[in-house]
Amino acid sequence: MTKALEREGVSTAIRRPETRLNALKRSRPTVPLNDLKRGFDALGDQLQAAAARVLSSGWYVQGPEHQAFEREFAAYVGSADCVGVANGTDALEIALRSLDPAPGSLVVTAANAGMYSSTAIRRAGLRPRYADVDPDTLLLTADSVASVLDDDVSVVVVTHLYGRLADIAGIREVLRARGIALLEDCAQAAGAGAPGARAGSLGDVAAFSFYPTKNLGAFGDGGAVTTSRADVAERARRLRMYGWTAKYEVGEDGGRNSRLDEMQAALLRVQLGHLDSWNETRRSVIARYAAAAEGTSVRVLPAEGHDHVAHLAVLVAEDREAARAALAAAGVQTDVHYPIPDHWQQPFVADYAGASLPVTEERSGQILSLPCFPELTTDEIDRVCAALREL
Ligand SMILES: Cc1ncc(COP(=O)(O)O)c(C=O)c1O
């Protein structure tokens, strides 16, 4: 009888009666890391109206929505110019090329920021050199950058990781004496800083991604280069459009097609009006998590004040896998941003065999991202906090 049941795929193991706690856990949906549908639903009518406007306009690339977004985003950031492009990685590469660095020169960057800057540096025909990050903020510092500079370095890329502004004033000071350019990677930091002096206006040039999960996210891919240097803006405009100086006339090498389309521009204009309040909400989510984690075995990186837009809620744990398993058991989704430092990525390990980045390397095994987006419900935040208190 038992054998017959097993052949039919029926388990004959003795079942324990289900506890109330397990039943409760099974009946509650997971707290998601992100939920883009809720973001759409929150602004549904405004977004539908913007989309309909574009569809009926007959203009789908490089039109009035795109021009208006470039103007409005430059004003918001506090830069003289904004050049819309197709995504954040293109923005980094075009920004680098716009600085006109010596071919093959070195670009200093962090190795803990998801490989995006390294990808752009390599694609621009330049060579990454890595500086270590601060153990508390996980950002580059003036000292860590200064320690790796020499005459072959043409540019430093500073990523405002997790939404927190790096010490740009300090880093600029170190670079000024050597005439090295500063590129801000603002993909995770849209809106950080004070009005008129926000991320994207603090270096020579900056790159933004509008990937859907970003604080300012499109409904597809998108990106932008911002700068107050007229020469850099002019080159960026050419580079995103085949290197053209005039129609069908190529005046700049290294060009490509990288455009922000009318639909994304129109939808981003709607979103931009809500960015500051979303960032405030994100900060309040992290404040709750940080308070809940006090006195536990983990530490949630704080996100206080306007210099932090709380893109990701990140905890640091000695035993990351145990924390992750406990959170999963409590129905909390997590991810790691980022698990593999750039100099350990398989195709490049041989190039950076001598690199020593102890903080970057150690933290890559300790960090864990928690659910963090403006539409999280109070119940969901409470559930994450309850799970954190148990760690
Ligand atoms: C810090 C950082 N830089 C660059 C990028 C690249 O942006 P995209 O995915 O739009 O190419 C991202 C995100 O994806 C990012 O988080």
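Rules of the game
The written sequence of each chain sets the order in which its residues are numbered from 1. Two thresholds apply to this predicted model, a pLDDT of at least 70 for residue-level local features and 80 or more for giving and counting side-chain atom pairs, whereas whole-chain, interface and lining totals are computed over all residues. Only hydrogens and water are set aside when side-chain values are computed; all heavy atoms of the structure are taken into account. Following DSSP output, two strands are said to pair if at least two bridges run between them. What counts as a helix is a DSSP run of H or I of at least four residues, what counts as a strand is a run of E of at least two, and both are numbered from the N terminus. Between N-to-C directions, angles cover 0 to 180 degrees, with each direction set by a line fitted to C-alpha atoms, over the stretch in contact for helices. Residue contacts are defined here by distance: any two heavy atoms, one from each residue, within 4.5 Å place the two residues in contact. For classification purposes, angles smaller than 35 degrees are called roughly parallel, those larger than 145 roughly antiparallel, those between 65 and 115 roughly perpendicular, and all remaining angles oblique. Two helices cross in a left-handed way if the nearer one is turned anticlockwise from the farther one by less than a right angle. They cross in a right-handed way if the turn is clockwise. For this classification, Asp, Glu, Lys and Arg are treated as charged, while Ala, Val, Leu, Ile, Met, Phe, Trp, Tyr, Cys and Pro are nonpolar and the rest, including Gly, are polar. For this document, the term salt bridge refers to a Lys or Arg side-chain nitrogen within 4 Å of an Asp or Glu carboxyl oxygen. Residue burial is assigned from relative accessible area. The probe radius is 1.4 Å, only protein chains are included, and a residue is buried under 20% of its type maximum, exposed over 50%, and partly exposed in between. How far each domain reaches was decided by an automatic or database domain assignment. Throughout, buried area stands for the accessible area (probe radius 1.4 Å) lost by two parts on being put together, summed over both. Any pair of N or O atoms that falls within 3.5 Å is considered a polar contact. Within protein, one atom must be able to donate a hydrogen and the other to accept it, and sequence-neighbouring residues count only if both atoms are side-chain atoms.

Novice: Any chance you could break down the sheet that holds strand β3 (residues 127-131) for me, citing the residues and the numbers?
Specialist: Taken together, the seven strands give an open sheet; going across it, the order is β1-β9-β8-β5-β4-β2-β3, and neighbouring strands pair in mixed fashion. Single-partner strands in this sheet number two, and they are β1 (81-85) and β3. Taking the axes of each pair of neighbouring strands and ignoring which way they run, one obtains an average angle of 25 degrees across the sheet. The sheet contacts of helix α5 (residues 64-77) involve β1, β8 (205-209) and β9 (223-227), and relative to β1 the element is tilted by about 130 degrees.

Novice: Please set out the packing of helix α12 (residues 275-293) against helix α15 (residues 378-389) residue by residue, giving values where relevant.
Specialist: In a packed pair of helices, the relevant descriptors are the angle between the two axes and the axis-to-axis distance. Contact geometry of α12 with α15 gives a least axis separation of 8 Å together with a crossing angle of 25 degrees. Taken together, α12 and α15 sit at an angle that is classed as roughly parallel. Crossing geometry of α12 relative to α15 is assigned as right-handed. In this structure, α12 contributes V285, R288, Y289 and A292 to the contact, and α15 contributes I381, D382, V384, C385, L388 and R389. Of the residues in the contact of α12 with α15, the class split is seven nonpolar, no polar and three charged.

Novice: Can you break down the sheet that holds strand β13 (residues 313-317) residue by residue, with the values?
Specialist: Across the sheet, three strands lie side by side as β12-β13-β14; this open sheet has antiparallel pairing. Edge positions in the sheet fall to β12 (298-300) and β14 (367-370), since each has one partner strand and no second. Along the sheet, successive strands turn relative to each other by an average axial angle of 30 degrees, direction set aside. Two elements, β12 and β13, share three bridges in a ladder whose sense is antiparallel. Bridge pairing links R299 to V316 in β13. Where α12 meets the sheet, its contacts fall on β12, β13 and β14, and the angle it forms with β12 comes to roughly 155 degrees. Contacting β12, β13 and β14, helix α13 (residues 320-329) crosses the sheet at an angle of about 20 degrees to β14.

Novice: An account of the pattern of salt bridges is needed here, citing residue identities and associated values.
Specialist: Enumeration over the complete set of coordinates arrives at 27 salt bridges. Between E252 and R238 there is a salt bridge, with its nearest N and O atoms 3.0 Å apart. In this pair, E252 is assigned in the loop between β11 (249-250) and α11 (262-272) and R238 in helix α10 (residues 230-239), connecting sequence segments 14 residues apart. According to the relative accessible area criterion, E252 is buried, its value standing at 17%.

Novice: Please provide a residue-by-residue account of the domain arrangement of the chain, values included.
Specialist: Each assigned domain of the chain is listed with its residue range as follows: domain 1 (42-130 + 137-272) and domain 2 (274-389). Here the C-alpha centroids of domain 1 and domain 2 sit 24 Å apart. If you look at the interface, domain 1 gives 34 residues, while domain 2 gives 29 residues. Here domain 1 packs against domain 2, burying approximately 2,800 Å² in sum over the two surfaces, 57% of which is carbon and sulfur. The largest contributions to the domain 1 side of the interface with domain 2 come from Y130, Y162 and N215, which together make up 27% of the buried area. Across the contact surface, domain 1 and domain 2 share two salt bridges. Notably, a salt bridge pairs R122 with D351, separated by 3.3 Å at the nearest N-O pair. Here domain 1 and domain 2 share 23 residue pairs in polar contact (both at pLDDT 80 or more) between them. Counting only elements with at least two residues in the side of domain 1 that touches domain 2, the list comes to α7 (116-123), β3 and α11. Across the side of domain 1 that touches domain 2, the residue classes break down as 19 nonpolar, eleven polar and four charged.

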